[in-house]
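# Reading the structure
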Amino acid sequence: MADIISKIQMYFEYPFVKYALIAGVLIALCSSLLGVTLVLKRFSFIGDGLSHVAFGAMAVAAVTNLTNQMLLVLPVTVVCAVLLLAGGKNRKIKGDAAIAMISVGSLAIGYLLMNLFPTSGNVSGDVCTTLFGSTSILTLSKLDVWLCVILSIVVVGVFIVFYNRIFAVTFDENFARATGTNASAYNFLIAVIIAVIIVLAMNLVGSLLISALVIFPALSAMRVFKNFKAVTICAAVFSVICTLIGLLVSILTSTPVGSTIVGVDMIGFFIFWIIGTVLRRK
């Protein structure tokens, strides 16, 4: 145990480890806050679809040698988030079909571009890193961390300010409309925030594993709590703790960051499932 603690202390001397922990905690917090809303509104797979869109946009940015990929990835993801939200109300293209179309198309285009116009000699490695977040969280610059901090503050601030409205739209959109709430505007706001979170989370767990970061904390909290506020707080704490454990285990054992974090989330979910089962039997 002493060896592990001393090893962790040694790693904390490196700036990239501190950057990874700061970014990881903030991303986990933001993902969990909106995760509860997404699960309750049955929008869970929007996160998966948007992550593939972000992957395609990132491939385009890499091929065009764009210095700051966020300048392309974030706007494209936001636009697609709005389109997916509108697609959910389109009778010709249902929400799940729209997600599938945009998701598969973006993923295919991104992979095709990375193969046709490779930016390095290891295309497979680049694709694996982007899809599964193998090392990207450990290569963040100070600018990346500051951008993550600013966007995270905006996301948390918006969620707190509009908490009551988001709560109303989440549980009963028709009733919210009847009381004068502009449900379309808040759905739009939720879509934009989701897009921002997806772009941030790509550096942490990769585009294929982002849904796990959004869904597992919410589902875990729902196994124990039934109150919306309690579920949201529990999901946030759960997500932050699991992310910290996953990052530390990944650094100490040299395992892929994204997969390790999701693995810890899965273990946490089963623990909460057992706790919830026990509590219901009492």
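Just so you know, these numbers come straight off a predicted model, no measurement behind them.

### Overview of the overall build of the protein chain
The secondary structure content of the protein chain amounts to 13 helices and zero strands. Listing every helix and strand of the protein chain by position from the N terminus yields α-α-α-α-α-α-α-α-α-α-α-α-α. Per-residue burial for the protein chain yields a buried fraction of 48% across its 282 residues. Here the contacts in the protein chain between residues at least 6 apart in sequence split such that 76% fall between residues at least 24 apart. Taken as a whole, the protein chain presents about 14000 Å² of accessible surface, with 71% of it coming from carbon and sulfur.

### Remarks on helix α2 (residues 15–40)
Helix length check: α2, at 26 residues, gives a terminal C-alpha distance of 38 Å against a target of 38 Å (1.5 Å per residue), a fit within 8%. A positive phi of about 60° marks R42, the residue just after α2.

### Things to note about the packing of α2 against helix α12 (residues 228–253)
Running from N to C, α2 and α12 point in directions that differ by 145°, and their axes come no closer than 8 Å. Along this stretch, α2 crosses α12, giving a crossing that reads as right-handed. Contact residues: V17, A20, L21, G24, V25, A28, L29, S32, L33, V36, T37 and L40 in α2; F228, V231, T232, A235, A236, S239, V240, T243, L244, L247 and I251 in α12. Counted by class, the contact of α2 with α12 contains 17 nonpolar, six polar and no charged residues.

### Section: the confidence of the model for the protein chain
Mean pLDDT over the protein chain: 77, with 80% of residues reaching 70 or higher. Per-element confidence in the protein chain is highest for α12, whose mean pLDDT is 88, and lowest for helix α6 (residues 123–132), whose mean pLDDT is 60.

### Topic: the nonpolar core
Within the largest apolar cluster, 55 residues are counted, with the highest numbers of intra-cluster contacts made by L34, L50 and I194. Ranked by the residues each element gives to this core, the list is headed by helix α10 (residues 183–205), at twelve residues. Leaving out residues up to four positions away in the same chain, I194 has contacts with L38, I46 and L50. Core analysis: the second largest hydrophobic core is formed by 13 residues, V39, A221, M222 and V231 among them.

### Focus: the side chain of S32
Along the chain, S32 falls in helix α2. Every residue in contact with S32, bar those within four places of it in the chain, is listed here: P217, A235, A236 and S239.

### Quick look at a nonpolar patch on the surface
On the surface, a cluster of nonpolar side chains totalling about 400 Å² of accessible area is made up of I233, V237, I241, I245 and V249. Within the secondary structure layout, V249 lies in helix α12. Given the relative accessible area of 34%, V249 is considered partly exposed.

### Some points on the packing of helix α11 (residues 210–224) against α12
Their axes nearest at 8 Å, the elements α11 and α12 cross at an angle of 125°. When the interaxial angle is binned, α11 and α12 end up oblique. Once α11 is placed against α12, the crossing between them reads as right-handed. Counted together, L213, F216, P217, A218, S220, A221 and M222 of α11 and V231, C234, A235, F238, S239 and T243 of α12 form the full contact between these two elements.

### Let's talk about α11
In terms of burial, α11 is a largely internal element, twelve of the 15 residues being buried. Those residues of α11 that sit buried are I210, S211, A212, L213, V214, I215, F216, P217, A218, S220, A221 and M222.

### Points about the environment of L34
In this fold, L34 is placed in helix α2. Along the primary structure L34 and A218 are separated by 184 residues, whereas in three dimensions their C-alpha atoms are 8.9 Å apart.

### Description of the side chain of T77
Note that T77 resides in helix α4 (residues 70–87). The contacts of T77, once residues within four sequence positions are left out, are L50, V53, A54, A195 and V199.

### Thoughts on the packing of aromatic side chains
For the structure on display, the rule yields five aromatic pairs. Between Y163 and F228 the ring centres are 5.8 Å apart and the planes differ by 45°, which places this aromatic pair in the tilted class. You can see Y163 sitting in helix α8 (residues 163–171) and its partner F228 sitting in helix α12, a full 65 residues away along the chain. With a centroid separation of 5.7 Å and an interplanar angle of 65°, the aromatic rings of F269 and F270 are classed as edge-to-face.

### As for the environment of V154
With respect to the helices, strands and loops of the structure, V154 is situated in helix α7 (residues 142–161). Judged by its relative accessible area of 46%, V154 is partly exposed. On a C-alpha basis, the gap between V154 and V196 in space is 9.9 Å, while along the polypeptide they are 42 residues apart.

About the cut-offs
Position numbers for residues start from 1 in each chain and track the written sequence from start to end. In keeping with the predicted nature of the model, local features appear solely for residues at pLDDT of at least 70, side-chain atom pairs appear and are counted solely at 80 or more, and the whole-chain, interface and lining totals rest on all residues. Just so you know, side-chain values use all the structure's heavy atoms and leave hydrogens and water out. Note on conventions: DSSP H or I runs of at least 4 residues are helices, E runs of at least 2 residues are strands, and numbering of each starts at the N terminus. For every residue, the accessible area obtained with a 1.4 Å probe (protein chains only) is divided by the maximum for its type, and the residue is called buried under 20%, exposed over 50%, and partly exposed between those limits. Pairs of residues are marked as contacts when any of their non-hydrogen atoms sit within 4.5 Å. Using a 1.4 Å probe, the Shrake-Rupley method yields the accessible areas, and only the shown protein chains count as cover for residues. Multiplying 1.5 Å by the residue count of a helix minus one yields the expected span of that helix. Geometry is summarised by axes, namely lines fitted to C-alpha atoms with helices restricted to the contacting stretch, and by angles between N-to-C directions that run from 0 to 180 degrees. Each crossing gets its handedness from the near helix: less than a right angle anticlockwise from the far helix is left-handed, clockwise is right-handed. The classification used treats Ala, Val, Leu, Ile, Met, Phe, Trp, Tyr, Cys and Pro as nonpolar, Asp, Glu, Lys and Arg as charged, and all other residues, Gly among them, as polar. Per residue, pLDDT captures the predictor's confidence, and it can take any value from 0 to 100. Only buried residues count toward a nonpolar core. Its members are Ala, Val, Leu, Ile, Met, Phe, Trp, Tyr and Cys residues joined through side-chain atoms within 4.5 Å. Nonpolar side chains (Val, Leu, Ile, Met, Phe, Trp, Tyr) are joined into patches within 5 Å and like charges within 9 Å, using only residues with over 30% relative accessible area and no salt bridge. By convention in these notes, a salt bridge is any Lys or Arg side-chain nitrogen within 4 Å of a carboxyl oxygen on Asp or Glu. Here roughly perpendicular refers to angles of 65 to 115 degrees, roughly parallel to angles under 35, roughly antiparallel to angles over 145, and oblique to all remaining angles. Each Phe, Tyr or Trp ring, with Trp reduced to its six-membered ring, pairs with another whose centre is within 6.5 Å; inter-plane angles below 30 degrees give stacked pairs, above 60 give edge-to-face pairs, and intermediate values give tilted ones.

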